[in-house]
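# Structure at a glance
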Amino acid sequence: MKPTDVLVVGCGLAGLTAALTAASRGKTVRVAARGAGTLAIGNACVDVLGYVNGEIVRGNPLDALGRLPEDHPYRIMGTEAVVKALRFFSRLCDENGLDIRTESRENLWIPTALGSFKPTCLCHPYMDRKSLQGHDRVIIAHMPWLKDCHAQMIKTAFARQKGFRDRELRIVELAAFGGQTHRNLTPLDVARFVDTPDGERWLSSQLANHVAQLDAGLCTAVLLPPVLGVERHREIRMRMTRNTGCTLAETVIPPPGVGGLRIRHALTQAAARAGVQIMENTHIVAARTQGRQCLSLVAENNGRGRELAASSFIVATGGFLGGGVVASPGKARETIFGFDLDAPERIEDWGAPDLLDAQPYARLGVKVNGRLNAITPDGDARWDNVYFAGRTLAGYDFASEKSGGGVAICSGHYAAPRC
Amino acid sequence: MRAFRVVVIGGGATGIGILRDLSMRGVTAVLLEQGGLAYGTSSRFHGLLHSGARYAVSDVEAARECIEENAVLRRIGRHCVEKSEGLFVLTAEDDEAYVRPWLEACAEAGITTEAVAPDEARRLEPALSPEIRQVFRVPDGGIDGFRLVWHNAMSARRHGGQVRTCHKVTGIESANGRVTAVEVCDTLKKETYRLACEYVVNAAGPWSGEIARMAGQTVDITPDRGTLLAFNHRFTSHIVNRLHESADGDIFVPHGSITILGTTSARAKNPADTTPAPEEVLRLLSLGEPLFPAVREYRILRAFAGNRPLYTPPDHDAGRSASRNFVIVDHEKDGLAGFVSIFGGKLTTYRLMAEKMTDLVCGRLGVATPCRTAEVPLAEQPSEEMLARAARRLPAHRTQLVAERLGDQFADIVGGLEKSGGSDLLCECELVTRAEVELAAGDEATHFLHDIRFRTRLGMGTCQGSYCSLRAMGALTEIGAPFAADAQAALRLFLQERWRGLRPVMWGAQVQEIELGRAIYGSTLNLNGGDDETD
């Protein structure tokens, strides 16, 4: 196999963004993908920064980056890089059929399956709480035959929010498609059905019927689980909005993701167009290095190694969940190059008492310099042509900060031009 | 006005066994529990139904009690017993000289032992170490402590007994050297009231010292902490014991889809000190290696700890050398009539302990009705008709599972399953249906999602609540369960308890699970997020 300019490992948000950025700059790019990454189980929104030290970020999240610690990936890359990356990503999505916008100068708060709201930066603008509250009536679609769809829980939680106080909150029940089934149906099953003409007709007529029974004249929003298609999401949403005369909003949900697959679909389409070669089922297990240069990465292939050479390498293998980092008692290790990460020796020091507070373990990862090269404890680059991006990076806690997607996109976008 | 003749304090196996026994003998009784049923030691152990072989050498009397009660529980509590056999295994590290006296002591106690060739044992349990030297089969079994307590509670209620959970005893009143009443606080309603009674039974386990102090009495107990590990698969189908003198980390007990490794023994700081420490976990893993060399490779679900209420008279040590026998103290000899304490013992002998205590109380109350708890099953067998109806709603293998879980409430469940959506699976790891969750939610002793977990095993499987707790809260909101009114607060509480068990085992696949859980509840659902638009 001919060497490429850039070999990206991992095809989640960071890996795909890196690959597309490099390709947009005229590089030949290959992506080694072990699986679909955690992107595929996530939602159609990109969090940039929702909380700093447990406090809500008000105003433009980009203005709050300076309040993060110095070793935070955003601080290492700088605000300008973050702005550029988000712009690049948003345009990329738009060109590939996905509305995900950046115009807002502050975080949007979007509804979750639990009825709570979470701050995020890039998402479909109709998902924003303010947009929902701008309607006289919010219809919450209930599908009792669908897993993880709890309209009553959402309604109860909404009713607690000031902004919904004078709004009509109403639950409508949608009948199952295809009759009784013993299968557990998830929003992903429905979204895939809605991608088909039959499915779109089914959902559109269900919603239109319900809306027709309500008094007209009220400005109405309909809140659904993410079921408005995966691959044909944009056109389906447009047609259905027209047919129902309502604003359509979707919740973010636990896996299986629908929104994440929409992003993945848009990015892999873009990759195909840009000539990026995604090699599926390619599990990189080792690296061949010489001094401060990486020569090639080794993919596991039926017990034999297969070497993939390139001029530069971007490692976006994910964190503990994705498999880029593994832990043994009191130790953590990067999985391709095998170097130890800075980790507390005492297991007690890995966790904080409250699960959802900032967790020390969550900040474990690969420490990098300003070029995103991994560094030794002395601060020297380990390999000059290897860059790390996404959840493998040290210094941030995506869950408490709500910063996962942002760090992934920005580090992928930031690493690529250095190749 | 006395509504009850006896107040039982403590909602573990001992207390609930006493409530059942008293109720079956026609004595009006109420049980007060500060938390929920089986929140304490009765759910924080390895789940072994002892054959007695573990105690045969050190305490033949305790061993004999075990084997007798083992047979009784298989009869009356078959829904709670898993009929896995036990193996005692002499590993490369154990002293061969222990084998003969152990075999003799087992024979003396009436515990059958049967030699199994090591090769045959390895055929039965391929994960066992190739270096094992001798193996014996014994009639150990598995027992579900949560279910045992709940089934006892349901049986007690049918006989008129009352259970009040989230009721913390705040005082014990007496007059002229005799107990007159218990002062108790309903911690949910934040109301304190008096319950007049003739007898108070202190069965508060590791808390029994505190209860006794309220009555101006002392009991010699030391809370002794035992830490255990739950693994996320069943790598052994037999209960596997080290064949040596009782020590830490020498038993593996399979339960449903998981395996438990126990136990350590160390003095607890206080009765509520049940947070496991990482060094105990690491020690358990090294102690477990001679039996299962790959034990470090297996995924740990969680670590947990419970406090044994060990009897330690002033001249005795706590820990392993302390007696596992139970003790009944009648405080009348110390100047307070109508107050009795029970502690020590093992879950396996809970019924016998309850019988002895109830004999004493009934004797004093002048009640001559004999004990029948050894004969009357805790729950009736479900009828063929009900099983057939349930089988139409559930996959075949789940019908029996549901029948055993719910005991006498199976008929109610079948009704629930037949309703639309009733057979939907809310917990996919432990196969718990919506109907079961709704039924458990409706029980007057259910105040938290944890109570539903104990009743149904929801959230106890591989995902440790990552998926099912949200789903359960959704279902509970739909039926308007009071504790689901603030679903987000209820979820936080539930996940936080799960987190307590994960924190000491933060490596390997557990960290992956934690990362996923935080992605769902932190990143996606923003369960912790301050949101200033919520009142």
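The structure reproduced in this document is the subject of the present report.

Definitions and limits used
- Residues numbered from 1 in each chain as written.
- Chains lettered and ligands numbered in written order.
- Predicted model: local features only at pLDDT ≥ 70, side-chain atom pairs only at ≥ 80, totals over all residues.
- Heavy atoms only, no water.
- Helix = DSSP H or I, 4+ residues; strand = E, 2+ residues; numbered from the N terminus.
- Rg over C-alpha atoms; globule rule 2.2 N^0.38 Å.
- Buried < 20%, exposed > 50% of the residue type's maximum accessible area, 1.4 Å probe, protein only.
- Contact = heavy atoms within 4.5 Å.
- Areas by Shrake-Rupley, 256 points an atom, 1.4 Å probe, with all protein chains shown as cover.
- Pairing = 2+ DSSP bridges.
- Axes fitted to C-alpha atoms, helices over the stretch in contact; angles between N-to-C directions.
- Parallel < 35°, antiparallel > 145°, perpendicular 65-115°, else oblique.
- Nonpolar A, V, L, I, M, F, W, Y, C, P; charged D, E, K, R; others polar.
- Expected span 1.5 Å × (residues − 1).
- Polar contact = N/O pair within 3.5 Å; in protein donor to acceptor, adjacent residues only side chain to side chain.

Looking only at helices and strands, chain A features 11 helices and 18 strands. In summary, chain A has a C-alpha radius of gyration of 22 Å against a globular reference of 22 Å for 419 residues, a match within 12%. Counting all 419 residues of chain A, 60% fall into the buried class. Look at the contacts in chain A between residues 6 or more apart in sequence, and 67% of them connect residues 24 or more apart. Accessible surface for chain A amounts to roughly 16,400 Å². Of this, 46% is attributable to carbon and sulfur atoms.

The next thing to look at is the sheet that holds strand β9 (residues 220-224) of chain A. The strands making up a sheet associate through hydrogen bonds between their backbones, and the pairing can be parallel or antiparallel. All names here are of chain A. On the basis of which strands lie adjacent, the open sheet formed by four strands has the order β8-β7-β9-β10 and parallel pairing. Looking at the sheet topology across the chains shown, the edges are occupied by β8 (168-173) and β10 (247-250). Each strand axis lies, on average, 25° off the axis of its neighbour in the sheet, ignoring direction. Sheet topology places β9 next to β10; four bridges connect them, and they run parallel. By the bridge assignment for β10, Leu224 is matched with Glu250.

Residue and element names in this part refer to chain B. Two elements in contact, helix α5 (residues 145-158) and helix α10 (residues 396-406), have axes separated by 9 Å at closest approach and are oriented at 60°. When the axes of α5 and α10 are compared, the pair comes out oblique. The residues of α10 that touch α5, namely those facing Arg147, His151 and Met154, are Glu404, Arg405 and Leu406. Partitioning the contact of α5 with α10 into residue classes produces two nonpolar, one polar and three charged.

Right, let's talk about helix α11 (residues 404-415) of chain A for a bit. Residues and elements named next belong to chain A. With 12 residues, α11 should cover 16 Å at 1.5 Å per step; its first-to-last C-alpha distance of 17 Å lies within 8% of that length. The buried count for α11 comes to 12 of 12 residues, which makes it a mostly enclosed element. Those residues of α11 that fall on the buried side of the exposure criterion are Gly404, Gly405, Gly406, Val407, Ala408, Ile409, Cys410, Ser411, Gly412, His413, Tyr414 and Ala415. Those residues of α11 hidden inside the fold are in contact with α1 (13-24), α2 (73-77), α3 (79-95), β14 (304-315), β18 (386-388) and α10 (398-401).

Residue and element names in this part refer to chain A. Looking at the secondary structure, you find Ser403 in the loop between α10 and α11. Judged by relative accessible area, Ser403 falls into the buried class, the value being 0%. Of the polar contacts made by the side chain of Ser403, one reaches the side chain of Glu401; its length is 2.8 Å. Beyond its immediate chain neighbours, meaning those up to four positions away, Ser403 contacts Asp47, Val48, Leu49, Tyr74, Tyr396, Asp397 and Phe398.

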